[in-house]
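Given next are the chains, with one letter for each unit.
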Amino acid sequence: SYVASVADTTAPTVVSVTPADGATNVYPGMALTVLFDEAMDAASIDGGTVELRDAANTVVSAIVSYDVGTHTASLTPSAALAEATTYSALVRGGAIDPRVKDAAGNALAADFAWSFTPGKRHHSLGIGTAWQEARREIGLFQDTNSYWHFALAPELGVIMPVGNTYVNAKVK
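Below is a summary of the structure that appears in this document. Numbering of residues starts from 1 in every chain and runs along the sequence as written. Per-residue local features are limited, in this predicted model, to residues with pLDDT of at least 70; the limit for side-chain atom pairs, both in listing and counting, is 80 or more; totals at the level of whole chains, interfaces and linings are taken over all residues. Hydrogens are left out, water is left out, and the side-chain values use all remaining heavy atoms of the structure.

**Here's the deal with unusual backbone geometry**
With the exception of glycine, most residues fall at negative phi, and the peptide bonds are largely trans. With an omega of -5°, the peptide bond between Thr18 and Pro19 qualifies as cis. For Pro19, the position within the fold is in the loop between β1 (14–18) and β2 (23–26). Put simply, Asp97 and Pro98 share a cis peptide bond, and its omega is 5°. Residue His71 is not a glycine yet carries a positive backbone phi of 60°. The helix and strand labels rest on DSSP assignments: H or I over at least four residues marks a helix, E over at least two residues marks a strand, and numbering proceeds from the N terminus. Topologically, His71 is positioned in the loop between β5 (62–67) and β6 (72–77). Exposure categories follow from relative accessible area, calculated using a 1.4 Å probe and restricted to protein chains: below 20% of the type maximum is buried, above 50% is exposed, and the middle band is partly exposed. Looking at His71, the relative accessible area reads 23%, which means it is partly exposed. Positioned with a positive phi, Ala84 is a non-glycine residue whose angle comes to about 55°. Mapped onto the fold, Ala84 is located in the loop between β6 and β7 (87–91).

Structure representation (structure tokens):
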């Protein structure tokens, strides 16, 4: 028997982004994420199609990756972002390459842009700008729910997200 196949001609869409558009006091070392509504062509997602710019409109050095299983693109800045500075993120779409495309080759219909502002670099741990190094030293890790845990000293508690900041949930 004959089975007709229907070509996918529907453009992908952005379901959500983190940090959210207009968010303030964002953790300056946070990776940006873009969730798409369908599987994307991983080869179309790179630093030319997903980018971050500072207040001077300069592209921020970053690593861009794509998780096939979750349909999520991630942009991880190479260095902590400056506090109290508005950053603009962009996922390229439209009719001209480079642009992100779904697995069938359909491009995002139009550019998707959002902005956010990082907060101060110190946290409830008082680590300041040495956050990355200190996190490794004390065994701090983040689980899939964005909760931070102390691997080497669990009695210190959990740091939980509250809005776009982190607070100690338990201290003994």
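Next, the rest of the story.
**A look at the pairing of β7**
Counting buried residues in β7 gives 4 out of 5 residues, a clear majority hidden from the surface. Of the strand pairs in this sheet, strand β4 (residues 50–53) and β7 are connected by 4 bridges, and their pairing is antiparallel. Among the inter-strand pairings, Arg53 is bridged to a residue of β7, identified as Ser88. By the convention used here, strands pair only if DSSP detects at least 2 bridges between them. The pairing of β7 with strand β8 (residues 112–118) spans 5 bridges and is classified as antiparallel. Considered in β8, the bridge of Tyr87 is made with Phe116.

**Notes on the pattern of salt bridges**
Think of a salt bridge as a Lys or Arg side-chain nitrogen and an Asp or Glu carboxyl oxygen that are within 4 Å of each other. Summed over the entire model, instances satisfying the criterion amount to 4 salt bridges. Among the ionic pairs, Arg53 bridges to Glu51, the shortest N-O distance being 2.6 Å. One salt bridge connects Asp97 with Lys101, and the closest N-O pair in it is separated by 3.4 Å. Note on Lys101: relative accessible area 19%, which makes it buried. Bridged by salt links that share partners, the residues Glu51, Arg53 and Arg92 form one connected network.

**What about the sheet that holds β5?**
Read across the open sheet, the 4 strands follow the order β1-β3-β6-β5; overall the sheet is antiparallel. The open sheet has two free edges, formed respectively by β1 and β5, since each of these has just one partner strand. Each strand axis lies, on average, 15° off the axis of its neighbour in the sheet, ignoring direction. Where β5 lies against β6, 6 bridges are found, and the strand directions are antiparallel. The residue bridging Ala62 from the neighbouring strand is Pro77, located in β6. Working convention: axes come from line fits to C-alpha atoms, limited for helices to the stretch in contact. Angles between N-to-C directions cover 0 to 180 degrees.

**Details of the nonpolar core**
Put simply, a nonpolar core is a bunch of buried Ala, Val, Leu, Ile, Met, Phe, Trp, Tyr and Cys residues held in one set by side-chain atoms that sit within 4.5 Å of each other. Core analysis: the biggest nonpolar cluster contains 24 residues, and Phe36, Ile45, Leu52 and Phe116 have the highest contact counts within it. Counting only elements with at least two residues in this core, the list comes to β1, β2, β3 (32–36), β4, β5, β6, β7 and β8. Contacts are assigned to residue pairs that have any heavy atoms within 4.5 Å of one another. The residues touching Phe116, leaving out its near neighbours within four places in the chain, are Pro19, Ala20, Ala23, Val26, Leu32, Leu52, Leu81, Thr85, Thr86 and Tyr87.

**Here's the deal with the environment of Gly94**
Here Gly94 is to be found in the loop between β7 and β8. The spacing of Gly94 and Asp111 is 17 residues in sequence and 6.2 Å in space, taken between C-alpha atoms. Residues within four places of Gly94 in sequence aside, it is in contact with Arg99, Ala107, Leu108, Ala109, Ala110 and Asp111.

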